[in-house]
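Descriptive structure summary
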Amino acid sequence: MKYLKLGAALVALLSFSSCERDFLDRPAEDQVEAEFFFNTAKDLEVGTNNFYRILPTSGVYTDDASSDNIVPLTIADRVRGNRITPTAKGTGGWNWDRLREINYFLANYHKVDDAAAKAHYGGVARFFRAYFYFDKVQRFGAVPWYSKVLSANDPDLYKARDSRELVMDSVMKDINFAVENIPEEKQLNRITKYTALLLKARIGLYEGTFRKYHGIDGYEPFLEAAVDAAAALIGTNAYTIFTTGGPTKAYRELFARDNQDMTETILAADFEKGIVTHNLGYTMTSPTYGAWGIPKDLINSYLMADGSRFTDRPNYETIGYSEEMLNRDPRLTQTTAGPNFQVYGSTTNEPVNLNITTTGYRVIKALGSRDQWVTNSAYNDIIIFRYAEALLILAEAKAELGTLTQPDLNRTINVLRSRVNMGPLDMAQANANPDPYQEALYPNVDQGANKGVILEIRRERRIELFNEGHRWDDLMRWKAGKKLEQPMVGIYFPGVGAYDFTGDGNADVFVHTGSTNGAPSTVTSFINIQQRTLRDPQTGQQAASKGNLDPFPLGGIFDDEEDKDYYYPIPKEDLRLNEQLEQNSGWEEK
């Protein structure tokens, strides 16, 4: 049974988890149900099915649109600096319903007389409690830790936050239990030991680097846990890098195909045409809804095909589209529409269309066939956990600990590069000559001996995991929130006139100031720079006739005083109901 296809009967059976009330303060009224339900291994399997709702589905591929990786038509509040303190109880992420379900299960599953089933599904429940609390800590920092089912008169309902140390130590205990008890088997739509290992590695990397860059004690044990978990997953040899289609197609194929397999994908959300669908195709392609665009600083970060840095080229800031797409890391034109872009499943080149992208650089990663571009019609499976992340985590955690070696890079970063026939990352060379462009993106990077290789790993992570929902959390843990205030611009145009984007000798794009007179008949995209403003890359100011498309001229705002914007605010009603709670710094009512 795939977790996205649970029927109404299951929801009815687990009635304690289907109501929309706040279950954290609901009276315990399930004893009779527990008596008759928690009796068999099948009961435990069914009892954990509802926990899968905690996981993101299409949200995996939309979260980057609320970061500096994708510029949508409507900029997210957290990027614009417009977040406000929510009023209503249980909003803004401060919701505990799912935790009550998990704790209820953990309070009753021991009744089953099947040791293997108890170990397995107890591990699954602990996985989800670790996942739940990890998300809470990422959003709010310290939170109250609850490991029991609370009744309406339990005084712990109104306790203060527990320390970040207590919560994260408890999270690690839960995920360790999951790793030790969930069977080592590959299942595409189920939590397995491999999923738990990757979550443990993800948690360790996040908490370790967050503490390191935010000046919180105790970062090393978390990075060491990340190393251990990632190395253990790699050492199982259960997964490898997906290479079907070769260097120029495999990376795109991995995400665009309709059905996932277990080559690289550890956990996926299953979708089927006409049955269970999502809206990603429409979001990526609608000129009036998403119009996603990739910013120029990410395009600039892709290396040349020979491994040299694009930003080391003379006048790289003013190189036009046709030239900048040549001889680059093959992942570039598998992530954005290149000169010879073909819709997935098609064998003919697509006309250049800059009207459906804010920056001119279209997002095509995870974009399926054309029939999936209509509202809520996409059915390609969505990857939630994949093996490549473990490789990136191992490299970064060891680099931040100061224990990275060239052999480590060879079994991690360079395995990813080999998918697209890119040259290997050389640790000594990277540290001897740190990339100034990347350091300008992350000025707060560790200034030690591994600065150069850490920057290269960050480059690799951003490129490899683009549009997979990691970017905001990466900026937060690196204490790089101010990166959001750097310009998010697009394609460079040296002036008005016609441009050949495909290299076939015919103009595809016409830039004008209001009149399209004189545009060649082959043009498929018109850019009116009276409406779509430009920014001069030299001065950083808006320009009248030449510069980069500038879809977000106001720019991002990030308040890092007292670490304010690194956290979310707690709703006002929750603060009033529980006087022991304190608002996050900077969010207090003035």
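Here's what I pulled together on the structure shown here. What you see is a predicted model; the values in this text were computed from it and never measured.

On to the overall build of the chain. Looking only at helices and strands, one finds 21 helices and nine strands in the chain. In terms of overall dimensions, the chain is globule-like: its C-alpha atoms have a radius of gyration of 25 Å, near the 25 Å expected for 590 residues. Here the C-alpha coordinates of the chain stretch approximately 80 × 50 × 50 Å along the principal axes. Counting only residues that meet the buried cut, the chain has 58% of its 590 residues in that class. Here the analysis covers contacts within the chain between residues at least 6 apart in sequence; of these, 70% occur between residues at least 24 apart. For the chain, the separation between the mean place of its 64 positive charges and that of its 80 negative charges on side chains is 1 Å.

On to empty space enclosed by the protein. Applying the stated criterion across every chain, the model contains three cavities of 30 Å³ or more. The computed volume of the largest cavity comes to approximately 140 Å³. Forming the walls of the largest cavity are 16 residues, and the residues nearest its centre are Tyr321, Ala337, Gly338, Val352 and Asn353.

One number sums up the size of the largest pocket: a volume of about 950 Å³. Lining the largest pocket are 34 residues; nearest its centre among them are Pro56, Tyr131, Asp135, Gln138 and Asp473. Taken together, the elements giving at least two residues each to the lining of the largest pocket come down to α5 (97-108), α6 (115-140), α8 (193-213), β2 (382-386) and α20 (471-477). With seven residues, the top contributor of residues to the lining of the largest pocket is α6. By residue class, the composition of the lining of the largest pocket is 14 nonpolar, six polar and 14 charged. As a volume, the second largest pocket reaches approximately 620 Å³.

Between helix α14 (residues 387-401) and helix α19 (residues 451-464), the least distance of the axes is 10 Å, while the angle of their chain directions is 160°. The pairing of α14 with α19 is recorded here as roughly antiparallel in orientation. Between α14 and α19 the crossing geometry is left-handed. Together, Ala388, Leu392, Ile393, Ala395, Glu396, Ala399 and Glu400 of α14 and Val453, Ile454, Ile457, Arg458, Glu460, Arg461 and Glu464 of α19 make up the contact between the two elements.

The next subject is the nonpolar core. Phe128 and Tyr133 are the most contacted members of the largest nonpolar core, which has 166 residues in total. Beyond its immediate stretch of four places on either side in the chain, phenylalanine 128 contacts Phe51, Tyr52, Ile54, Leu55, Ile102 and Ile191.

The rules behind each value
Residues numbered from 1 in each chain as written. Predicted model: local features only at pLDDT ≥ 70, side-chain atom pairs only at ≥ 80, totals over all residues. Heavy atoms only, no water. Helix = DSSP H or I, 4+ residues; strand = E, 2+ residues; numbered from the N terminus. Rg over C-alpha atoms; globule rule 2.2 N^0.38 Å. Buried < 20%, exposed > 50% of the residue type's maximum accessible area, 1.4 Å probe, protein only. Contact = heavy atoms within 4.5 Å. Lys, Arg positive; Asp, Glu negative; His and termini not counted. Charge placed at Lys NZ, Arg CZ, Asp CG, Glu CD. 1 Å grid on protein atoms, 1.4 Å probe; cavity = no way out; pocket = protein on both sides within 12 Å on 5 of 7 lines; lining within 4 Å. Points joined across faces, edges and corners; volume = space filled by probe spheres on them. Nonpolar A, V, L, I, M, F, W, Y, C, P; charged D, E, K, R; others polar. Axes fitted to C-alpha atoms, helices over the stretch in contact; angles between N-to-C directions. Parallel < 35°, antiparallel > 145°, perpendicular 65-115°, else oblique. Left-handed = near helix turned anticlockwise from the far one by under 90°. Core = buried A, V, L, I, M, F, W, Y, C linked by side-chain atoms within 4.5 Å.

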